[in-house]
Amino acid sequence: MFQPEFKECPLCGSRLVKNYNTNEKTITTLNGKLVCWERVLKCRNKGCKGNSMSFHSAEYKGLALPSMNFGIDVVAHEGGLRFEEHKTIDEVLEDLQEYGIHTNRATVSKHSDKYLALISGYQKEKIKEIRQGLAKQGGYVLQIDGTVSVRTKTLYIFRDNISDTILYSALTGNDTDDVKPLVQYISDNFGQPLAVVSDMQKSIIESVAEVFPGVPHQYCQYHFLKNVGNAILSEKHQQLGTLIRDKEIKKEIEKVQKEVEIEKKITR
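Just so you know, these numbers come straight off a predicted model, no measurement behind them. (Residues numbered from 1 in each chain as written. Predicted model: local features only at pLDDT ≥ 70, side-chain atom pairs only at ≥ 80, totals over all residues. Heavy atoms only, no water.)

Colleague: Got a minute to help me understand the environment of Gly-47 in this structure?
Modeller: Turning to its location among the elements, Gly-47 is positioned in the loop between strand E4 (39–43) and helix H1 (58–61). The sequence separation of Gly-47 and Cys-12 amounts to 35 residues, and the corresponding C-alpha distance is 9.6 Å. (Helix = DSSP H or I, 4+ residues; strand = E, 2+ residues; numbered from the N terminus.)

Written out as structure tokens, the structure reads:
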């Protein structure tokens, strides 16, 4: 279960409380399937605009695009194969099988369209409409996702954490000189956010500090702990991965997963 990274209302500082829980969702990623849901919060202060807002988990929203059950990492990986390495759809399908992902040509084609839409910045055509929506809800919380790499570049997605509206997306480098213009674009077109949520990437931290000085910036604890874990256990993790492949344990894990899914359906 995912919860918002910040626990206090960015408008009045009051504690956030449960608004509702989303339905359970299974997301297919390059690292396997993730069964998850989200606890959405709101401000407990009934006199605050935040009481009528929905504050979401940046980590949860960053897993997949709205209405999709495939992770953004899968979409970005497919896009890189199709448009950076010029692979055919059949070759993409073959590559996905190495990650245990079995899908079809229609799905890969749909993902290719999504990928192109993300990197083309089609949101530019809807700026006026998006502005009106943000103003109507009383502002926005900027969520910056820059964790999906496509070859030598990173796919950055900027979204409103409250409405889950994608504000902008771009494929670029990881330096501050690359990221700052993107953050400046958000400022120029949507104004100052109520708060910012992101991982602890240095270029994002520096860019936000320069473009939005004084705006609360919450780091995602998930990514922090993940980075700490990688620093401490990366070598052991690689050894374990090699052992799993050599002993064909993955097949047994997938078998157990299928049995669990069948059991869940029976007991519902």
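Let us keep going from here.
Colleague: Sorry, what's going on with the environment of Pro-193 here?
Modeller: Along the chain, the position of Pro-193 falls in the loop between helix H6 (176–190) and strand E8 (195–198). Along the primary structure Pro-193 and Pro-4 are separated by 189 residues, whereas in three dimensions their C-alpha atoms are 16 Å apart. Ignoring anything within four residues of it in the chain, the contact list for Pro-193 reads Tyr-140, Leu-142, Phe-212 and Val-215. (Contact = heavy atoms within 4.5 Å.)

Colleague: Quick question: what am I supposed to make of the nonpolar core here?
Modeller: Most often, soluble globular proteins keep nonpolar side chains buried together rather than apart. Core analysis: the biggest nonpolar cluster contains 23 residues, and Tyr-140, Leu-142, Phe-158, Leu-167, Ile-186, Phe-190 and Phe-212 have the highest contact counts within it. When contributions to this core are tallied by element, the ones reaching two or more residues are helix H5 (127–137), strand E5 (141–150), strand E6 (153–160), strand E7 (166–172), H6 and helix H7 (202–211). Sorting elements by how many residues they give to this core places H6 first, with six residues. The residues contacting Leu-167, other than those within four sequence positions of it, are Gln-123, Ile-130, Leu-134, Tyr-140, Leu-142, Phe-158, Arg-159, Asp-160, Ile-186 and Phe-190. Counting 22 residues, the second-largest nonpolar core is a separate cluster that includes Met-68, Leu-155, Ile-157 and Ile-166. (Core = buried A, V, L, I, M, F, W, Y, C linked by side-chain atoms within 4.5 Å. Buried < 20%, exposed > 50% of the residue type's maximum accessible area, 1.4 Å probe, protein only.)

Colleague: Any chance you could explain helix H4 (residues 105–120) here in plain terms?
Modeller: Side chains of residues three or four places apart in an α-helix project in the same direction, reflecting 3.6 residues per turn. For H4, built from 16 residues, the straight-helix expectation of 22 Å at 1.5 Å per residue is met to within 8% by its first-to-last C-alpha distance of 23 Å. Within H4, burial applies to Thr-107, Val-108, His-111, Ser-112, Tyr-115 and Leu-118. End-on view of H4: buried residues confined to an arc of 140 degrees, all on one side of the axis. Exposed and facing more than 90 degrees away from the buried side of H4 are Ala-106 and Asp-113. Looking at where H4 begins, the residue whose side-chain oxygen comes 3.2 Å from the main-chain nitrogen of Ala-106 is Asn-104. Once H4 ends, the next one or two residues include Gly-121, with phi positive near 65 degrees. (Expected span 1.5 Å × (residues − 1). Arc of directions from axis to C-beta. Polar contact = N/O pair within 3.5 Å; in protein donor to acceptor, adjacent residues only side chain to side chain.)

Colleague: I'm lost on the packing of aromatic side chains in this one. Help?
Modeller: Overall, the coordinates contain five aromatic pairs when judged by the stated rule. Between Phe-158 and Tyr-168, the ring centres sit 6.5 Å apart and the planes meet at 35 degrees, which makes this aromatic pair tilted. In this pair, Phe-158 is assigned in strand E6 and Tyr-168 in strand E7, connecting sequence segments ten residues apart. Exposure class is identical for Phe-158 and Tyr-168. Each is buried. Following the ring pairs from residue to residue traces out a cluster consisting of Phe-158, Tyr-168 and Tyr-185. One Lys or Arg, Arg-82, reaches over the ring of Phe-83 and ends 5.8 Å from the middle of that ring. (Phe/Tyr/Trp six-rings, centres within 6.5 Å; stacked < 30°, edge-to-face > 60°. Lys NZ or Arg CZ within 6 Å of the ring centre and 35° of its normal.)

Shape descriptors only; they carry no functional weight alone.
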